[in-house]
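Summary of structural features
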Amino acid sequence: MTNSISEISGAATILAIGTNTTQAHPVLALQVKKAARNGANLIVANPKDIDLCRHATIHLQQRPGTDVALLMGMIRVIVDEGLTDKDFVKTRCEGYDELIASLVDFDLDSVEKITSVPKEEIARAARLYATNGPASILYCMGITQHSHGTDNVWAISNLALLTGNLGKASAGVNPLRGQNNVQGSCDMGCLPDVYTGYQKVENPDCRKKFEAAWGVSLSPKQGLTHSEIFDQIHDGTIKSLYLIGENPVLSEANASHAIEAMEHMDFLVVQDIFLTETAKMADVVLPAATFAEKNGTFTNTERRIQRVRQAIPQVGEAKADWQIVCEMAKRLGAKGFDFNEPEEIMAEIASLTPSYAGIGYPALEKSGIQWPCPEPGHPGTPMLHVGKFPTVSGKARLMPLSFRDSVELPDAEYPLLLTTDRSLFHYHTGSMTRRVAGLEQLDSEEFLKINPKDAAELGLGDREMVQITSRRGQTTVKTKLTRICPPGLVSMTFHFAESPTNVLTSSALDPVAKIPETKVCAVRVEKV
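Just so we're clear, the structure is a prediction, and the values are computed from it rather than from any experiment. (Residues numbered from 1 in each chain as written. Predicted model: local features only at pLDDT ≥ 70, side-chain atom pairs only at ≥ 80, totals over all residues. Heavy atoms only, no water.)

This next bit is on the nonpolar core. Soluble, globular proteins show a tendency: their nonpolar side chains are buried together. Ranked by size, the top nonpolar core spans 49 residues in total, and within it Leu15, Ile17, Leu60, Tyr129 and Leu159 carry the most contacts. The greatest single-element share of this core, amounting to 10 residues, is contributed by helix H3 (residues 67-80). Those residues in contact with Leu15 that sit more than four places away from it in its chain are Ile43, Ala45, Leu71, Tyr129, Ser136, Ile137, Leu138 and Leu159. Counting 18 residues, the second largest nonpolar core, distinct from the first, contains Ile14, Cys53, Leu138 and Cys140. (Core = buried A, V, L, I, M, F, W, Y, C linked by side-chain atoms within 4.5 Å. Buried < 20%, exposed > 50% of the residue type's maximum accessible area, 1.4 Å probe, protein only. Helix = DSSP H or I, 4+ residues; strand = E, 2+ residues; numbered from the N terminus. Contact = heavy atoms within 4.5 Å.)

We now examine the sheet that holds strand S6 (residues 173-175). Here five strands make up an open sheet; going across it, the order is S3-S2-S1-S5-S6 and the pairing parallel. One side of each edge strand has no neighbouring strand; the edge strands of this open sheet are strand S3 (58-60) and S6. The sheet shows a mean angle of 15 degrees between the axes of neighbouring strands, direction not considered. Strand direction decides the pairing type here: strand S2 (residues 41-45) and S3, joined by three bridges, are parallel. Residue Val44 lies in a different strand from S3, and its bridge partner there is His59. Across the sheet, H3 is in contact with strand S1 (13-17), S2 and S3; its angle to S1 comes to roughly 160 degrees. (Pairing = 2+ DSSP bridges. Axes fitted to C-alpha atoms, helices over the stretch in contact; angles between N-to-C directions.)

What follows covers the pattern of salt bridges. The final tally for this structure, using the stated rule, is 27 salt bridges. Where Glu445 meets Lys478, a salt bridge forms, and the shortest distance between an N and an O atom there is 3.7 Å. Of this pair, Glu445 sits in the loop between helix H18 (437-442) and strand S15 (447-450) while Lys478 sits in strand S17 (residues 474-481); the two residues are 33 residues apart in sequence, bridging distant segments of the chain. Note on Glu445: relative accessible area 29%, which makes it partly exposed. Given the relative accessible area of 28%, Lys478 is considered partly exposed. (Salt bridge = Lys/Arg side-chain N within 4 Å of Asp/Glu carboxyl O.)

Taken in spatial order, the six strands close into a barrel running S14-S18-S15-S17-S16-S19, and their pairing is mixed. Shown here is a sheet whose adjacent strand axes are inclined to one another by a mean of 45 degrees, direction ignored. Note that strand S16 (residues 465-469) and S17 share five bridges and pair antiparallel. For Thr469, the partnering residue across the bridge sits in S17 and is Gln474.

With that settled, the discussion passes to the pairing of strand S10 (residues 296-299). Looking at chain direction, S10 and strand S11 (residues 304-308) are connected through four bridges and run antiparallel. By the bridge assignment for S11, Phe298 is matched with Gln306. Between S10 and S11, which pair antiparallel in sequence order, lie four residues; one of them, Arg303, sits at a positive phi of approximately 70 degrees.

Here we take up unusual backbone geometry. With an omega dihedral of 0 degrees, the bond running from Gly133 to Pro134 counts as a cis peptide bond. With respect to the helices and strands, the residue Pro134 is situated in the loop between helix H7 (119-131) and strand S5 (135-139). Geometrically, the link from Trp371 to Pro372 is a cis peptide bond, its omega value of 0 degrees lying close to zero. With respect to the secondary-structure elements, Pro372 resides in the loop between strand S12 (369-370) and strand S13 (396-397). The phi torsion at Tyr198 lies on the positive side, around 65 degrees, for a residue other than glycine. With respect to the helices and strands, Tyr198 occurs in the loop between helix H10 (182-187) and helix H11 (204-214). The phi dihedral of Lys514 falls on the positive side, at around 60 degrees, and the residue is not glycine. Mapped onto the elements, Lys514 comes out in the loop between strand S18 (489-492) and strand S19 (521-527).

A separate point is the side chain of Gln199. Tracing the backbone through its elements, the reader meets Gln199 in the loop between H10 and H11. Classification of Gln199 as buried rests on a relative accessible area of 9%. Side-chain polar atoms of Gln199 contact the side chain of Lys209, separated by 2.5 Å. Once residues lying within four places of it in the same chain are set aside, the contact partners of Gln199 are Asp193, Val194, Cys206, Lys209, Phe210, Leu352, Thr353 and Pro354. (Polar contact = N/O pair within 3.5 Å; in protein donor to acceptor, adjacent residues only side chain to side chain.)

For the rest of this paragraph, the subject is a nonpolar patch on the surface. Taken together, the side chains of Tyr242, Ile244 and Val325 make up a nonpolar region of the molecular surface, amounting to roughly 220 Å² of accessible area. Following the sequence through the fold, Ile244 ends up in strand S7 (residues 240-244). Classification of Ile244 as partly exposed rests on a relative accessible area of 40%. (Patch = residues over 30% accessible without salt bridge, like charges linked within 9 Å, V, L, I, M, F, W, Y side chains within 5 Å. Areas by Shrake-Rupley, 256 points an atom, 1.4 Å probe, with all protein chains shown as cover.)

Here we take up H3. For H3, with 14 residues, the first-to-last C-alpha span of 20 Å sits near the 20 Å given by 1.5 Å per residue. Looking only at H3, the buried set comprises Asp67, Val68, Ala69, Leu70, Leu71, Met72, Gly73, Met74, Ile75, Val77, Ile78 and Val79. Phi turns positive one or two residues past the end of H3, at Gly82, with a value near 65 degrees. (Expected span 1.5 Å × (residues − 1).)

Domains assigned within the protein are domain 1 (5-176), domain 2 (182-370) and domain 3 (416-527). On a C-alpha basis, the centroid separation for the pair domain 2 and domain 3 is 30 Å. Listed as interface residues are 16 residues of domain 2 and, on the opposing side, 19 residues of domain 3. Taken together, the two surfaces of domain 2 and domain 3 that pack against each other cover about 1,400 Å², and 62% of this comes from carbon and sulfur. It is Leu250, Ala253 and Asn254 in domain 2 that bury the most area against domain 3; as a group they hold 38% of the surface buried on that side. (Domains from an automatic or database assignment. Buried area = accessible area lost by both parts, 1.4 Å probe.)

Where helix H12 (residues 226-234) is concerned, the buried positions are Ser227, Phe230 and Ile233. Angular distribution of buried residues about the axis of H12 spans 120 degrees; they occupy a single face of the element. For H12, the secondary structure elements touched by its buried residues are S7, helix H13 (248-251) and helix H14 (255-264). Positive backbone phi, at 90 degrees, marks Gly236, one or two positions downstream of H12. (Arc of directions from axis to C-beta.)

On to the pairing of strand S8 (residues 267-272). Among the six residues that make up S8, five are buried, leaving the element largely enclosed by the rest of the structure. As paired strands, S7 and S8 are joined by five bridges and run parallel to one another. Paired with Tyr242 across the two strands is Val269, which belongs to S8. The sheet contact formed by S8 and strand S9 (residues 284-287) spans four bridges and is parallel.

Here is the structure:
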């Protein structure tokens, strides 16, 4: 997030796009509701009639996968009506002329045809966002999990920049992280192209710094993304896999592809806190400690680094992840893993990571600190991009875009679109929350959410068992008739092993981020 969670309630306008905030981020959603109660304009852009729509000023119910067209249509209105922040664009942005040239294809008649959103509503939303600041944008995986997810994010950035909604309080571009400490994992270099703090692997100066600190020679090449790893297992290039805290049997797009890969590889190690569906396939399982059994830090969605303190003894043979990794490294003959406490690891992080340079355990004792924190004693940075952007020129880049439809669309054989979402009561693949009796009482099985019109055409009733089939697989599930989904769109979560949704989803990749298109998948539904 460029801004802080507490700032959301102070926004005059909020655009929530590709996020079912009340279900996936219920605590943060309280800030959105507070803003709406205080009179803020809430624009919800979502193919489904989600709970947040009850608080919305406008609901833009776009066809799944058409976010670029919707956002660029809003930008076209803002430009045509002279609503841009001209001083901000002139002094803090570059690429304006190229962006304007790309708007020729986004007249409102064309955008309405692409998105199925009435052009009057698109124009109204654009005017609200541009003229009622500060305006904050919230988004989640409904934006990123597409074959054009990178373009979706660029379009969001364009909208915020053209209206001067970056580098100011209660504004910004604010991605909501899908899991605890995802932000921290990325900060620590759990991406194929960066070291800690997003220092590029391909940058020779960065590489030399880490080589000197670690006493090793490092590859100048980027690694593989998540999806590429399973492809290379399939083709025999990768023989072994070490999985930490991941359950791809349920979470991987086109999960059957991942399952088949893991069944045929030479050696699989899984490190996790429970014996997950994936751990059951492993040659070796390494029992990891839960958050309550270890010391360390988590970094949340607003870049806030917070201490985690051990509350109970480690159970059985479980060890903290850092202990397991260090022991593994030492047994493989690696040097530099002789840490006694996680505080020592944080000291190394601070020594090599400019955005964490001022972070140490003493500084975190009273409260968390938001990076960048460039030196000891620095209070942290609640708001990014004040005054300048972290580019060579100090200016932000406006990106010309064109519309590309999703890779997989409905046809006669697969006439419905499936999208995925989350339950308020469960977390990711359910490996933790489905062990909680109270949560199971609230939500114990998967349902296919389907519009009553589609159900009637298929001769289906409520809570009737159906088979849902895509080009990749099939599963069985009970129906739940609801107008949350418009006609033509069905929805499932991915928490339940009994009805594994991701055997259906598409693994078509965004060409830049290589993220799979799990939010758009053509299916058919048949009575069992």
